[in-house]
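Observations on the model geometry
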Amino acid sequence: MIKLVGRCRVRLKEEKELLQKEYGQAIIDGHKEKIGNFKIEPPGLFRGRGTHPKMGKIKRRIMPEDVVINCSKDSKVPKPPEGHKWKEIRHDNTVTWLASWTENIMNNMKYVMLNPSSKIKGEKDWQKYETARKLKKYVDKIRATYRGDWKSKEMKVRQRAVALYFIDKLALRAGNEKEDNETADTVGCCSLRCEHVKLHDSLDGQDYVVEFDFLGKDSIRYYNRIAVEKRVFKNLKIFMENKGPEDDLFDRLSTTILNKHLQSLMDGLTAKVFRTYNASFTLQQQLDELTNENMSPAEKLLAYNRANRQVAILCNHQRAVPKSHEQQMENLQKKMDDKEAQIKEAKKLVKDAKADYKAHQSEKYRKMYERKKASLQRLEDQLQKLKLHATDKEENKEIALGTSKLNYLDPRISVSWCRKWNVPIEKIYNKTLRQKFRWAIEMAGPDFVF
DNA sequence: GCTCTTACTTAGGAGAAAATTC
DNA sequence: GAATTTTCTCCTAAGTAAGAGC
């Protein structure tokens, strides 16, 4: 392993900053804004996630001749590298990207866009949460409607209603169609196949249990058993009649059809709004339930993480168990054992000091006694903290909290929770997150309700 | 309808950097 | 001050969804 020593590291950091200064920002409507991905993607071997049919293909080097630049007419067009030309220079102010190219593996377009801290991204983000909040007003009616549709004469309507129920209740993704054999075999709600669900008339004391087992986005496994209403169950049986395992469960449904329908129920409503809505709603409800004023700062933080965790579980945000997890838990246990031993010792000292004080009744012995008591208290606090830490860690080993925090939870909920319970915002959001959610930090008081 | 293109958000992992422990 | 652990940043793949054109 190559290890960089002091000076070399400093220089590397300086070079990085220089690069960021020179290429990492753009002027948008007169304001300097950070760009997100300003470096072109280097060539290499494509891996992809899961069993990807294109794994191992060579990802070509992108040349200036592949790159389209998008900037305003009156701006200084960035110079291509010596001896090269850009593919095109465009002045399109209806889109937000600054440069784009087509990548050769999947033939997808790639874009250079602004950092999440930018005004343009922040406004979009805010809008997203406002749409989700709007759904709150409509959701009861929509739920009543899809429940009614479970009995529709039209099979298409029934399928739509059952799919929407899953999207709402289980926070499944929409599930766009994908080209066979071009990508890993993953599905979402509308693209579920019969092989992905098992129906149990009864299981573990519950009736009408649906067992889901499929690979979702990024080939992350979704496994869930859930008791559903009889009508849903019966419908699923009908949908699966005379079908093979590889046939579509919802053969009369597509994301386009579903979203068209949703659009008719509420302006701006699409399948993914349900995920945002249910995630944010769950956070708020869990925070209310789990926080109270007698909690220490550490306990409040644990409460927040637990609320966050409920959302991550709902959205199936997983991560690989960290390699050293087992070892780390053992270390923690050992620390706790040591602490217990110290506490035992300290208790003895307190007892002795108390006896001494009783015997002598002097100021000196009283002080001694007080000191011993304080140090015992300190040890007990430390143990408590270790215990909370261990619990948090174990509960969290295969759950990724970051994704929901970044993409699904209305930041105003977190901000107002912090204000209400007097928790510094820095405990919840790091610097990057605070920049991204600046709009919310400025906006939300302690009484904000999602 | 259906396919293709485009533009944007959402996702987990790797490695760097920072914090903590020894 | 070195080693270890935790947190953050970067990277870019993999989704969603709208619109054009037939």
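Everything quoted here is computed from the prediction, not taken from an experiment.

Further remarks concern the UniProt feature "domain: DNA topoisomerase I eukaryotic-type" (unreviewed entry) in chain A. Cross-referencing UniProt, the feature "domain: DNA topoisomerase I eukaryotic-type" (unreviewed entry) maps to residues 45-422 in the present numbering. Structurally, residues 45-422 is divided into 51% helix and 11% strand, and its ends, taken at the C-alpha atoms, are 49 Å apart.

Turning to helix α2 (residues 119-149), a few remarks are in order. Counted at 1.5 Å a residue, the expected span for α2 with its 31 residues is 45 Å, and the 42 Å between its end C-alpha atoms agrees. Of all the bends found along α2, the most pronounced is centred on Y138 and spans about 55°. Listed as buried for α2 are G122, D125, Y129, A132, L135, V139, I142, Y146 and D149.

Before going further, it helps to spend a moment on the nonpolar core. By size, the foremost hydrophobic cluster in this structure holds 69 residues, and its most contacted members are L135, F166, F212 and F250. Per element, the largest residue contribution to this core is eight residues, and it comes from helix α3 (residues 155-170). In terms of domain composition, this core takes at least three residues from each of domain 2 (121-269) and domain 3 (272-320 + 398-449). Ignoring anything within four residues of it in the chain, the contact list for F166 reads A171, L172, C189, F212, V232, L236 and F250. With 13 residues, the next largest nonpolar core counts M329, I343, A346 and A353 among its residues.

Now for the packing of aromatic side chains. Applying the stated criterion to the full structure yields 16 aromatic pairs. Between F166 and F212 the ring centres are 5.0 Å apart and the planes differ by 85°, which places this aromatic pair in the edge-to-face class. Note that F166 is positioned in helix α3 and F212 in strand β10 (residues 206-215), a separation of 46 residues in sequence. Across this residue pair, the class does not change: F166 and F212 are buried. Measuring from ring centre to ring centre gives 5.9 Å for F239 and F250, while their planes differ by 65°; the resulting arrangement is edge-to-face. Note that F239 is positioned in helix α4 (residues 230-240) and F250 in the loop between α4 and α5 (255-265), a separation of eleven residues in sequence. The same class applies to F239 and to F250, which are both buried. Cluster of aromatic residues (ring-pair linked, three or more members): Y146, W150, Y165, F166, F212, F214 and Y222.

About the criteria used
- Residues numbered from 1 in each chain as written.
- Chains lettered and ligands numbered in written order.
- Predicted model: local features only at pLDDT ≥ 70, side-chain atom pairs only at ≥ 80, totals over all residues.
- Heavy atoms only, no water.
- UniProt positions renumbered as here; feature names shortened; annotations may be inferred.
- Helix = DSSP H or I, 4+ residues; strand = E, 2+ residues; numbered from the N terminus.
- Expected span 1.5 Å × (residues − 1).
- Bend = angle between axes of the 7 residues up to and from the residue.
- Buried < 20%, exposed > 50% of the residue type's maximum accessible area, 1.4 Å probe, protein only.
- Core = buried A, V, L, I, M, F, W, Y, C linked by side-chain atoms within 4.5 Å.
- Domains from an automatic or database assignment.
- Contact = heavy atoms within 4.5 Å.
- Phe/Tyr/Trp six-rings, centres within 6.5 Å; stacked < 30°, edge-to-face > 60°.

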